[in-house]
Amino acid sequence: SYRDKAAGHIRGYNKNELIDMLKNSGFLIKNINYYNFFLFPLFILSRIFYLDERNPGKITNFLFTLIILFEVKLSSFLSFPYGSTLFVIGEKPYV
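One structure accompanies this document, and this report is about it. (Residues numbered from 1 in each chain as written. Predicted model: local features only at pLDDT ≥ 70, side-chain atom pairs only at ≥ 80, totals over all residues. Heavy atoms only, no water.)

**Digging into the packing of aromatic side chains**
All told, the structure shown has six aromatic pairs when counted by the stated rule. Ring centres of Phe 37 and Tyr 82 lie 4.8 Å apart, and the angle between their planes is 50 degrees; on these two criteria the pair is classed as tilted. Taken together, the positions of Phe 37 in the loop between β1 (28–35) and α3 (40–48) and Tyr 82 in the loop between α4 (58–75) and β2 (85–91) put the pair 45 residues apart, joining distant regions of the chain. A ring pair is formed by Phe 40 and Tyr 82, whose centres lie 5.4 Å apart and whose planes are at 55 degrees; its orientation type is tilted. On the criterion of sequence distance, the pair formed by Phe 40 in helix α3 and Tyr 82 in the loop between α4 and β2 is long-range, its members being 42 residues apart. Judged by its relative accessible area of 37%, Tyr 82 falls in the partly exposed class. Each residue in the set Phe 37, Phe 38, Phe 40, Phe 70, Phe 80 and Tyr 82 is aromatic and connected to the rest through ring pairs, giving one cluster. (Phe/Tyr/Trp six-rings, centres within 6.5 Å; stacked < 30°, edge-to-face > 60°. Helix = DSSP H or I, 4+ residues; strand = E, 2+ residues; numbered from the N terminus. Buried < 20%, exposed > 50% of the residue type's maximum accessible area, 1.4 Å probe, protein only.)

**A closer look at the pattern of salt bridges**
Any two side chains of opposite charge can pair, given that their charged atoms come close. If you walk through the whole model with that rule in mind, you get one salt bridge. Close ionic contact of Glu 91 with Lys 30 constitutes a salt bridge, the shortest N to O distance being 3.1 Å. Remark: Lys 30 occurs in strand β1 and Glu 91 occurs in strand β2; sequence separation between them is 61 residues. On the basis of relative accessible area, Glu 91 is assigned to the partly exposed category, the value being 38%. (Salt bridge = Lys/Arg side-chain N within 4 Å of Asp/Glu carboxyl O.)

Interpretation note: all reported values are geometric properties and have no functional meaning in isolation.
Structural data, given as structure tokens:
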């Protein structure tokens, strides 16, 4: 998308592609999870309707921050089925 190009993103990965790529590079996957699960529907709507999300306002930013903080706490013991971002914790063993 034009947002990815503006952010310098070269390509995206789905969860299985990312796991395979890291394992093939010698990493052990400690944790992998999606991020922005609760806000994902808003991301989709903004892409469909080309909404300008650069300055949502102080109240909206505050609410989004609360949602993200809640999600971060939940992610310590839940795996989300989808989201706008994947994060992974991996370890490359010493050889």
